[in-house]
Amino acid sequence: DAILAKATGSSYALARCRAASTQLILSAAASLGKAPPGTRQEGLVDQARRLMAERLDDPPSIPEIARALGVSASFFSARFKRESGLTPGDCLRRLRCDRAGELLRNSARSITDVAFAAGFRTSQHFADVFKRYIGMTPRQYRTAGKRSGA
């Protein structure tokens, strides 16, 4: 991380790189659950991620997702982890952080509003999770984005 930050000259660039890496990993992991090319069938992980992304502010529970996909909750959780490398909860937090990053970059909404819009219950929990996944606080991320012109 320090080498990348030094090479890019920006902790914001490092955070953007982390976000892009996360998206790439999630996409690669999701593709493991996809049907063969040319078919319309969506993989279990892809379907679950779509269901979560559609309802970031009020995500379905694991039993609700499993029921929607026609599998048991235990089967769903185990398969999701095996195919994506993430727990469903971890995937949801990453999706929320991605959404929050977009809002921080592209709006003047308060950090509390961004937290609620991304589905977090409190701004403090949002700040803790965002820092864990992105590597900087929401305020630092927004400030770094303004300095870099993004």
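Check the entry above for the structure.
Residues numbered from 1 in each chain as written. Predicted model: local features only at pLDDT ≥ 70, side-chain atom pairs only at ≥ 80, totals over all residues. Heavy atoms only, no water.

Quick notes on the nonpolar core
One finds Cys97, Leu104, Phe120, Phe126, Phe130 and Ile134 to be the most contacted residues of the largest nonpolar core, which totals 17 residues. At the level of secondary structure, the elements contributing two or more residues to this core comprise helix 6 (88-106), helix 7 (111-117), helix 8 (123-134) and helix 9 (138-148). Here this core gets five residues from one element, more than from any other, and that element is helix 8. (Core = buried A, V, L, I, M, F, W, Y, C linked by side-chain atoms within 4.5 Å. Buried < 20%, exposed > 50% of the residue type's maximum accessible area, 1.4 Å probe, protein only. Helix = DSSP H or I, 4+ residues; strand = E, 2+ residues; numbered from the N terminus.)

Observations concerning helix 8
Between its first and last C-alpha atoms helix 8 spans 16 Å; for 12 residues at 1.5 Å apiece the expected length is 16 Å, and the two agree. Within helix 8, burial applies to Phe126, Val129, Phe130, Tyr133 and Ile134. Taken down its axis, helix 8 places every buried residue within 105° of arc, on the same side. The outward face of helix 8, more than 90 degrees from its buried face, is lined by the exposed residues Gln124 and Arg132. Residue Gly135 follows helix 8 closely and has a positive phi angle near 100°. (Expected span 1.5 Å × (residues − 1). Arc of directions from axis to C-beta.)

Side note on the environment of Gly145
Note on placement: Gly145 falls in helix 9. On the basis of relative accessible area, Gly145 is assigned to the buried category, the value being 5%. C-alpha of Gly145 to C-alpha of Arg105: the two residues are 40 residues apart in sequence and 6.5 Å apart in space.

Re the environment of Leu51
Summarising the element assignment, Leu51 is placed in helix 3 (residues 44-54). Overall, the relative accessible area of 19% leaves Leu51 in the buried class. Spatially, the C-alpha atom of Leu51 lies 10.0 Å from that of Glu64, the residues being 13 residues apart in sequence. Among all residues touching Leu51, those that are not within four sequence positions of it are Pro60, Ile65, Ala68 and Leu69. (Contact = heavy atoms within 4.5 Å.)

Section: the packing of aromatic side chains
Taken as a whole and assessed by the stated rule, the structure comprises four aromatic pairs. Taking the centre distance of 5.1 Å and the plane angle of 50° together, the rings of Phe120 and Phe126 count as tilted. Phe120 sits in the buried class, given a relative accessible area of 2%. Feature note: the residues Phe120, Phe126, Phe130 and Tyr141 constitute an aromatic cluster, connected by ring pairs. Its end group placed over the ring of Phe120, Arg96 keeps NZ or CZ at 5.7 Å from the ring centre. (Phe/Tyr/Trp six-rings, centres within 6.5 Å; stacked < 30°, edge-to-face > 60°. Lys NZ or Arg CZ within 6 Å of the ring centre and 35° of its normal.)

Remarks on the packing of helix 3 against helix 6
Relative to each other, helix 3 and helix 6 sit at 50°, their axes nearing to 10 Å. The angle between helix 3 and helix 6 falls in the class oblique. Once helix 3 is placed against helix 6, the crossing between them reads as right-handed. Of the residues in helix 6, those touching helix 3 at Arg49, Met52 and Ala53 are Pro88, Cys91, Leu92 and Leu95. Within the contact of helix 3 with helix 6, the residues separate by chemical class into six nonpolar, no polar and one charged. (Axes fitted to C-alpha atoms, helices over the stretch in contact; angles between N-to-C directions. Parallel < 35°, antiparallel > 145°, perpendicular 65-115°, else oblique. Left-handed = near helix turned anticlockwise from the far one by under 90°. Nonpolar A, V, L, I, M, F, W, Y, C, P; charged D, E, K, R; others polar.)

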